[in-house]
2 protein chains.
Amino acid sequence: MRVEVVAIGTELLLGQIQDTNSTWISEQLATIGVDCYFQTKVGDNLDRIALAIRSSLARADGVILCGGLGPTQDDITREAIAMVVGAELEMDQSMADQIAAYFANRERAMPKNNLRQAERPPGSTFIAQRKGTAPGLICPVGNKVIYAVPGVPYEMKDMVQRAVLPDIVKRSGQTKYIGSRVLRTWGLSESGLAEAVAGRLEELERTKVATIAFLASGVEGIKLRITAKGETQASVETVLGVEEAALREILGDTVFGTDEETMESVVGEQLKVKGLTLAVAESLTGGLIASRVVAVPGASDYFKGGVVSYATAVKREILGVEEDLVVTEAAAIAMAKGVAKALGASVGLSTTGVAGPDEVEGQPVGTVWIGVYVSADQEISFARLVRLPPGDRAVVRSLAAISAMDVLRRALSS
Amino acid sequence: MRVEVVAIGTELLLGQIQDTNSTWISEQLATIGVDCYFQTKVGDNLDRIALAIRSSLARADGVILCGGLGPTQDDITREAIAMVVGAELEMDQSMADQIAAYFANRERAMPKNNLRQAERPPGSTFIAQRKGTAPGLICPVGNKVIYAVPGVPYEMKDMVQRAVLPDIVKRSGQTKYIGSRVLRTWGLSESGLAEAVAGRLEELERTKVATIAFLASGVEGIKLRITAKGETQASVETVLGVEEAALREILGDTVFGTDEETMESVVGEQLKVKGLTLAVAESLTGGLIASRVVAVPGASDYFKGGVVSYATAVKREILGVEEDLVVTEAAAIAMAKGVAKALGASVGLSTTGVAGPDEVEGQPVGTVWIGVYVSADQEISFARLVRLPPGDRAVVRSLAAISAMDVLRRALSS
């Protein structure tokens, strides 16, 4: 089955906002094995939206329209669908009552325009709205189909997962269940990963029980997505479990998490389980590690805080670093130990290095020392040298931040 | 003149990477007054790329193709253009020599495939590559035109600005020069801004000397983009200067910068000019302010560092905060003063508040106290209360960070 995506909104064509919806939807379609060969962006213009829908339906079996379902006059996706199917919109009294009740429950006056959201082309069905007021639509056209969902990302995602994807799977004649699992990795390049799992890929090429895709995620490492089809959810989960185990066996602690886990959520969980607390001392990362650590809900259980020691004097006075040179193994260890002591934490993590554009202490851009101090059953401290590709300051700093958390993760899991 | 954009690459259709190129190009087209009614994403498939090009040329006067100019076998944009114009690609010996020289200069062996980049359809001209090896193309088709640029964003931007936009302006018969200037604002809503500058908008509606667009930029405030056309660059710059002055007169210090300036670059410049140094104490922002401050090149001239005081004990021991309650005016001032003293800076900036999801000390989510301490000719210290809309933790923290820098900016400019 082929499905296209049409994102609707003049602000998309003016470059005022980024169309992230199409990207997300196409990833979902790829996961369930549906081909998406064209995606289109079009503005809030009736004739042009209708043209985009017709073009998509001429090439594909279905089209997902995203945006233009709101209550205002420039929300005309419903009208464009009506134009394509050649029929007038009909008011659905039951939906009108639901929308009126939504406002009544919140003790807010309902703008009359909101009732436009209760209109639908004949033969179509609503996708119930759970997070706002605009319902979605499923509108069959001959043996093809038009889906319409709101442009607000969290409303769109809810409807696509709950109603659109299942409907596509049903129409495509697939009786099988499709599931996927993402393994997040850090430390190997894409070609390095591909080489490591080459045997597994060959085996899957033969057995066809699952597929594996590599998704480069910039400074966040590389994801391996395992996708499997089966008669039941349970059988698919079994296959995913077997594949995950096989890949983990090969990749070891290069795999740091699954699905929605992040490096900071994984490290946070390790600290919580071990009853440890963390303090960070950041030089070149300048607060990036701390801001990622506190982004995890519940971080206050294990995170004491941090010191951004940008000036050398701060390294000396607050952290007690005595070394003359600050981009060194000894300084990184002293920073980690110093911040743990100063902030009363059992674990200290530090970064000191060269973000660029200029060299520091004769060290090239991209040189990063990462220091770790852990005071648990016994006291350990060490530093690792990481050489990052010199480039944009922001990229060097982001890579240094996740590298540092990864060094701590490996230390805590050993 | 109407121009469409076609982004080429299977990875775009699989949702593996976000198509930011189309968004950037469409913003440039809007700035020079060119209509862009449709944008398309298509994969690395010869027939489908050709179909996308033909569809765009049927609707518009020109099309910008982005991606698929690299040296590998799945880079087939050149072949698709040749298919559309109905001619064979020709090898351009001069370009082939340039590409060979590029590799020779770097003492690298040239993969033979790279010579494919020296091929072009008859009648087309190259856009010279300044940042990589793949040249762009300008290929007239009757009275219409196909542009092809690489998919690597910095190569694409260079070619679009240097060659594509000027060519579009020339073809559109515009003899006029077009320029724009962005004013960055913080502190007023979009409707508040619109109300404030309503008189100016009406005046421009009548005189037509310039246009003003509002661009909401999420947690970074709202941009006002002034665009003017004129016979020469000098006359356009004059109009932009007059409009900027008029808007600044109305908006006062709601305008914090122009064009590429950021809140942190503006505050950094203020500190540098006044010979002051900065230290930050962050509770709910957790390192976000520090990481933004160090992102400005040359920040080490005025930035000492920061303390992320997530645990209350850190506020007491490192910063010397004596207050029992930490989400208070007094605690914010004590944090600002404490961090300046501890790190030896003349200016201290602090945040303490409630990021959510739960209340703290009976204060609702979104409550933020921002503390400022300045020790210059005289010593000043104060705190401001900001109530942010409760919502996503990350958004509350980002808004708190820029709000804090804005409070400092206003203090330093008074």
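Being a predicted model, the structure only gives us computed values, none of them experimental. (Residues numbered from 1 in each chain as written. Chains lettered and ligands numbered in written order. Predicted model: local features only at pLDDT ≥ 70, side-chain atom pairs only at ≥ 80, totals over all residues. Heavy atoms only, no water.)

1. Focus: the overall build of chain A
Heads up, the rule is: For the purposes of this entry, the term helix denotes a DSSP run of H or I that reaches at least four residues, the term strand denotes a run of E that reaches at least two, and both are numbered from the N terminus. Here's how the labels work: a residue is buried when its accessible area is under 20% of the maximum for its type, exposed when over 50%, partly exposed in between, all with a 1.4 Å probe on protein chains only. Residue-level accessible areas treat just the shown protein chains as cover; the underlying method is Shrake-Rupley with a 1.4 Å probe. Counting rule applied: Lys, Arg positive; Asp, Glu negative; His and chain ends not counted. In plain terms, the charge of a residue is placed at NZ if it is Lys, CZ if Arg, CG if Asp and CD if Glu.
A tally of helices and strands in chain A yields 14 helices and 17 strands. Seen through its C-alpha atoms, chain A measures out along the principal axes to roughly 80 × 55 × 40 Å. For chain A, the residues scored as buried account for 55% of the 414 residues in total. When the accessible area of chain A is evaluated, it comes to approximately 17100 Å², of which 50% is carbon and sulfur surface. Across chain A, the centroid of the 42 positively charged side chains sits 3 Å from that of the 51 negatively charged ones.

2. Focus: the domain arrangement of chain A
Size of an interface, as often reported, equals the accessible area lost when the parts are brought together. Residues and elements named next belong to chain A. What counts, and what does not: Domain limits in this description derive from either an automatic procedure or a database domain assignment. Note on contacts: a residue pair is in contact if any heavy atoms of the two residues lie within 4.5 Å. Buried area: the accessible surface (1.4 Å probe) lost by two parts on joining, summed over both. We define a salt bridge as a side-chain nitrogen of Lys or Arg found within 4 Å of a carboxyl oxygen belonging to Asp or Glu. Whenever a nitrogen or oxygen atom comes within 3.5 Å of another N or O atom, the pair is scored as a polar contact, on the condition that within protein one atom can donate a hydrogen and the other can accept it, and that pairs from neighbouring residues in sequence are kept only if both atoms are in side chains. Lys, Arg, Asp and Glu make up the charged group, whereas Ala, Val, Leu, Ile, Met, Phe, Trp, Tyr, Cys and Pro make up the nonpolar group; the residues left over, Gly among them, are polar.
By domain assignment, chain A separates into domain 1 (3-171), domain 2 (177-258) and domain 3 (263-413). The gap between the C-alpha centroids of domain 2 and domain 3 is 31 Å. At the junction of the two partners, domain 2 supplies eight residues and domain 3 supplies 11 residues. Summing both partners gives a buried area of about 880 Å² for domain 2 against domain 3, and 57% of it is carried by carbon and sulfur. Per-residue buried area on domain 2 facing domain 3 is highest for Trp186, Val219 and Phe256; these three make up 66% of the total on that side. Viewed at the interface, domain 3 and domain 2 are joined by two salt bridges. Arg292 is the partner of Glu220 in a salt bridge, and the nearest nitrogen-oxygen pair spans 2.9 Å. For the interface between domain 2 and domain 3, the tally reads four residue pairs in polar contact (both at pLDDT 80 or more). Of the residues that constitute the side of domain 2 that touches domain 3, the class distribution is four nonpolar, two polar and two charged.

3. Observations regarding the packing of aromatic side chains
The condition is simple: Only rings of Phe, Tyr and Trp enter the pairing, Trp through its six-membered ring, and a pair is recorded when the two centres are within 6.5 Å. The plane angle decides the type: under 30 degrees is stacked, over 60 is edge-to-face, the rest tilted. Counting as a charge over the ring demands two things of the Lys NZ or Arg CZ atom: a distance within 6 Å of the ring centre and an angle within 35 degrees of the ring normal.
Evaluated as defined, the whole model comprises four aromatic pairs over all chains. Judged by centre distance (5.6 Å) and plane angle (75°), the rings of A:Tyr102 and A:Phe103 are edge-to-face. Sitting over the ring of A:Phe38, A:Arg59 keeps its end group 4.2 Å from the ring centre. Looking at B:Arg48, its charged tip hangs above the ring of A:Tyr37, at a distance of 3.5 Å from the centre.

4. A word on the environment of A:Val308
Locating A:Val308 in the fold gives a position in strand 14 (residues 303-309). A C-alpha to C-alpha distance of 8.3 Å links A:Val308 and A:Thr285, two positions 23 residues apart in sequence. When neighbours within four sequence positions are excluded, A:Val308 is seen to be in contact with A:Glu282, A:Gly286, A:Gly287, A:Val314, B:Ala290, B:Phe303, B:Lys304, B:Gly305, B:Gly306 and B:Leu343.

5. Looking at the nonpolar core
Condition: Only buried Ala, Val, Leu, Ile, Met, Phe, Trp, Tyr and Cys residues count toward a nonpolar core, and they belong to the same one when joined by side-chain atoms within 4.5 Å.
If you look at the biggest cluster of nonpolar residues, it comprises 42 residues, and the most contacted ones within it are B:Leu271, B:Leu278, B:Ile289, B:Phe303, B:Leu349, B:Val372 and B:Leu408. Counting residues per element, the ones that place at least two in this core are helix 10 (263-274), strand 13 (278-282), helix 11 (288-293), strand 15 (347-353), strand 16 (367-375), strand 17 (379-387) and helix 14 (393-413) of chain B. In terms of residues, this core owes the most to one element, helix 14 of chain B, which gives 11 residues. The residues contacting B:Leu271, other than those within four sequence positions of it, are B:Leu276, B:Leu278, B:Tyr302, B:Val347 and B:Leu412. A:Ile370, A:Phe382, A:Ala400 and A:Leu408 belong to the second-largest nonpolar core, a separate cluster that totals 41 residues.

6. Remarks on the confidence of the model for chain A
Residues shown with low pLDDT carry predicted positions that ought not to be read at fine detail. The condition is simple: One number per residue, pLDDT, summarises how confident the predictor is, and it ranges from 0 to 100.
Confidence in the prediction for chain A averages 92 pLDDT; 100% of positions are at 70 or higher. ipTM for the predicted complex: 0.82, alongside a pTM of 0.83.

7. Looking at helix 13 (residues 329-343) of chain B
Residues and elements named next belong to chain B. Put simply, the rule reads: A helix is expected to reach a length of 1.5 Å times the quantity of its residues less one.
The terminal C-alpha atoms of helix 13 lie 22 Å apart, and with 15 residues this matches the ideal 21 Å at 1.5 Å per residue to within 8%. For helix 13, the full list of buried residues reads Ala331, Ala332, Ala334, Met335, Ala336, Gly338, Val339, Ala340 and Leu343. Following helix 13 by one or two positions, Gly344 has its phi on the positive side, about 70°.

8. Re the environment of B:Gly86
Tracing the sequence through the fold places B:Gly86 in the loop between helix 4 (77-85) and strand 4 (90-91). Between the C-alpha atoms of B:Gly86 and B:Pro121, which are 35 residues apart in sequence, the distance is 9.1 Å.

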